[in-house]
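# Structural overview
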Amino acid sequence: MCIRDRYLDCAECYKEIYDTLVRNPEVFKDNQTIEFGFKVDQKTILENYVLFLAITTHSKEQLAHLHDLKTNYIQTLERHPKLLRLVNDLLSNELISTKPADFGFDTVEIFLKTVHHYEQHQKDFRRQLVQHNIRVLEKYYRKIYVARVSELLNVPKEEVEVEICEMINIGLIFAKIDSCLLYTSPSPRDS
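Computed from a predicted structure; not experimentally measured. (Residues numbered from 1 in each chain as written. Predicted model: local features only at pLDDT ≥ 70, side-chain atom pairs only at ≥ 80, totals over all residues. Heavy atoms only, no water.)

## Points about empty space enclosed by the protein
- Per the counting criterion, the structure on display carries one cavity of 30 Å³ or more.
- Every residue along the wall of the largest cavity is listed here: Ala54, His58, Gln62, Leu90, Gln128, His132 and Arg135.
- In terms of residues, the lining of the largest cavity owes the most to one element, helix H6 (residues 118–140), which gives three residues. (1 Å grid on protein atoms, 1.4 Å probe; cavity = no way out; pocket = protein on both sides within 12 Å on 5 of 7 lines; lining within 4 Å. Points joined across faces, edges and corners; volume = space filled by probe spheres on them. Helix = DSSP H or I, 4+ residues; strand = E, 2+ residues; numbered from the N terminus.)

What follows is the structure, given as structure tokens:
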């Protein structure tokens, strides 16, 4: 489907398709399958929209879409409690599960073996869950042992270190790792 740096574009496309289906339901028949085996029904399109947002690297644009979902699509999300929970979790300032299975999206189209890059989508979903939690911890801690971060997130220490380094490199958190300690500092955007 989409490569990692294009997830937000994919989410935006699914949003447009979803909005079109809502405005003009006669455009596609329910459960219609189109080219490349993609299903075209409101539920599948909404799931793909939300999950492509979830696997997108954290950004202002991603947050804007999540807030838009929470305000303008709330009635629809209430009919899909798993999607609503995910949107709420990603917008929260609380630790969330880092186990994708806890969210129950195994049968969602972008995670199916029939979809190109499905394994990468699964890895990126977990990555974004872990990175969400690291951003949350950055808000509450100025100094914390990496082993403690690993324990809080229920993630191996090596994975925590890799994710922290990646987040520092792309500017998602402002921190440094000194041996086994993680030092965070207020980001310039917080000033």
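## Describing the state of the cysteines
- This model, assessed by the stated rule, comprises zero disulfides.
- The cysteine Cys13 is free of any disulfide, with Cys10 supplying the nearest cysteine sulfur at 6.4 Å.
- The exposure class assigned to Cys13 is partly exposed, which follows from its relative accessible area of 47%. (Disulfide = S-S within 2.5 Å. Buried < 20%, exposed > 50% of the residue type's maximum accessible area, 1.4 Å probe, protein only.)

## A closer look at the packing of aromatic side chains
- What the rule picks out here adds up to six aromatic pairs.
- Both rings, one in Tyr7 and one in Phe52, keep their centres 5.8 Å apart while their planes meet at 50°; by these two values the pair is tilted. Taken together, the residues Tyr7 in helix H1 (residues 7–23) and Phe52 in helix H2 (residues 42–55) connect sequence positions 45 residues apart.
- For the pair Phe103 and Phe125, a centre-to-centre distance of 5.8 Å together with 70° between the ring planes defines the contact as edge-to-face. Of the two residues, Phe103 is situated in the loop between helix H5 (81–91) and H6 and Phe125 in helix H6; the sequence distance between them amounts to 22 residues. (Phe/Tyr/Trp six-rings, centres within 6.5 Å; stacked < 30°, edge-to-face > 60°.)

## A look at the pattern of salt bridges
- Overall, the coordinates contain nine salt bridges when judged by the stated rule.
- Arg6 is the partner of Asp9 in a salt bridge, and the nearest nitrogen-oxygen pair spans 2.5 Å.
- Take Asp9: its relative accessible area is 30%, and that puts it in the partly exposed class.
- The salt bridge involving Asp124 is made with Arg127; its shortest N-O contact spans 2.6 Å. Linking Asp124 with Arg127, this pair stays in helix H6, spanning three residues, or about one helical turn.
- Its relative accessible area of 17% is what places Arg127 among the buried residues.
- Among the ionic contacts, a cluster of salt bridges with common partners joins Asp124, Arg127, Glu163 and Glu166. (Salt bridge = Lys/Arg side-chain N within 4 Å of Asp/Glu carboxyl O.)

## Description of the confidence of the model for the protein chain
- Here the protein chain averages 88 in pLDDT, while 87% of its residues score no lower than 70.
- In the model of the protein chain, strand E1 (residues 32–33) stands out as the element of lowest mean pLDDT, 63, in contrast to H5, which has the highest, 97. (pLDDT = per-residue confidence, 0-100.)

## Quick notes on the packing of H1 against H2
- Two elements in contact, H1 and H2, have axes separated by 8 Å at closest approach and are oriented at 155°. Relative to H2, H1 is oriented roughly antiparallel. As for the relative orientation of H1 and H2, their crossing is left-handed in sense. Counted together, Tyr7, Leu8, Cys10, Ala11, Tyr14, Lys15, Ile17, Tyr18, Leu21 and Val22 of H1 and Gln42, Ile45, Leu46, Asn48, Tyr49, Phe52, Leu53 and Ile55 of H2 form the full contact between these two elements.
- For the contact of H1 with H2, the residue count by class is 15 nonpolar, two polar and one charged. (Axes fitted to C-alpha atoms, helices over the stretch in contact; angles between N-to-C directions. Parallel < 35°, antiparallel > 145°, perpendicular 65-115°, else oblique. Left-handed = near helix turned anticlockwise from the far one by under 90°. Contact = heavy atoms within 4.5 Å. Nonpolar A, V, L, I, M, F, W, Y, C, P; charged D, E, K, R; others polar.)

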